[in-house]
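One-letter residues, chain by chain:
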Amino acid sequence: MAKQLGGQLLPLELIDRCVGSKIWIILKGDKEFVGTLRGFDDYVNMVLEDVTEFELEVEGGGGYTTTQLEQILLNGNNVCMLVPGGEGPIANPAAPPA
């Protein structure tokens, strides 16, 4: 896995510390996910469990539709931002839509 250099925490090391914890993932486009990180690889493809998918409704006021999923595999190419311990856009109303 990733190593620390000069006291700095490298990105893959931070993600590795999040395995087994809740994480908020913001993708390119209009989707966000909150779930428990079960694993990842060097390309940041991730397996999540107990997932809530948030999809921004472009029409009708800009709210979110949510979908509950048991388990998913996310492609790392679509990941824009990771928020360790994050609860998602609804729990953070000040957060602007991605």
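It should be noted that the structure appears before, not after, this text.
We now turn to the structure provided with this report. Treat the numbers as computed from the prediction; the structure is a model and nothing was measured. One numbering rule holds for all chains: residues counted from 1, following each sequence as written. In keeping with the model being predicted, local features are shown solely for residues with a pLDDT of at least 70 and side-chain atom pairs are shown and tallied solely at 80 or more, while totals for entire chains, interfaces and linings include all residues. Note: side-chain values were computed over all heavy atoms of the structure, leaving out hydrogens and water.

Side note on the pairing of strand β1 (residues 22-27)
With five of six residues buried, β1 is to be regarded as a mostly interior element. The pairing criterion for strands is at least two bridges between them, as found by DSSP. Here a helix means four or more residues in a row that DSSP labels H or I, a strand means two or more in a row labelled E, and each is numbered from the N terminus. Pairing of β1 with strand β2 (residues 31-40), which is carried by five bridges, proceeds in the antiparallel orientation. The partner of Ile25 across the bridge, within β2, is Phe33. Counting the residues in the hairpin turn of β1 and β2 gives three residues, including Gly29, whose phi is positive at 95°. Bridge analysis of β1 against strand β5 (residues 79-84) gives five bridges, and the strand direction is antiparallel. Here's how the labels work: a residue is buried when its accessible area is under 20% of the maximum for its type, exposed when over 50%, partly exposed in between, all with a 1.4 Å probe on protein chains only.

Quick word on the packing of aromatic side chains
For Phe, Tyr and Trp, rings pair up if their centres lie within 6.5 Å, where Trp contributes its six-membered ring, and each pair is then called stacked (planes under 30 degrees apart), edge-to-face (over 60) or tilted (otherwise). Under the defined criterion, the tally for this structure stands at one aromatic pair. Taking the centre distance of 6.3 Å and the plane angle of 90° together, the rings of Phe54 and Tyr64 count as edge-to-face. Taken together, the positions of Phe54 in strand β3 (residues 46-56) and Tyr64 in strand β4 (residues 64-74) put the pair ten residues apart, joining distant regions of the chain. In this structure Phe54 comes out as buried when scored by relative accessible area, which is 6%.

Section: the side chain of Glu53
The topology assignment puts Glu53 in strand β3. For the purposes of these results, a polar contact is taken to be a pair of N or O atoms within 3.5 Å, where, inside protein, one atom must be able to donate a hydrogen and its partner to accept one; residues adjacent in sequence count only when each atom of the pair is a side-chain atom. A distance of 3.1 Å separates the side chain of Glu53 from the side chain of Lys31, its partner in a polar contact. Should any heavy atoms of two residues lie within 4.5 Å, those residues are considered in contact. Excluding its chain neighbours within four sequence positions, the residues that come into contact with Glu53 are Lys31, Glu32, Phe33, Thr65, Thr66, Thr67 and Leu69.

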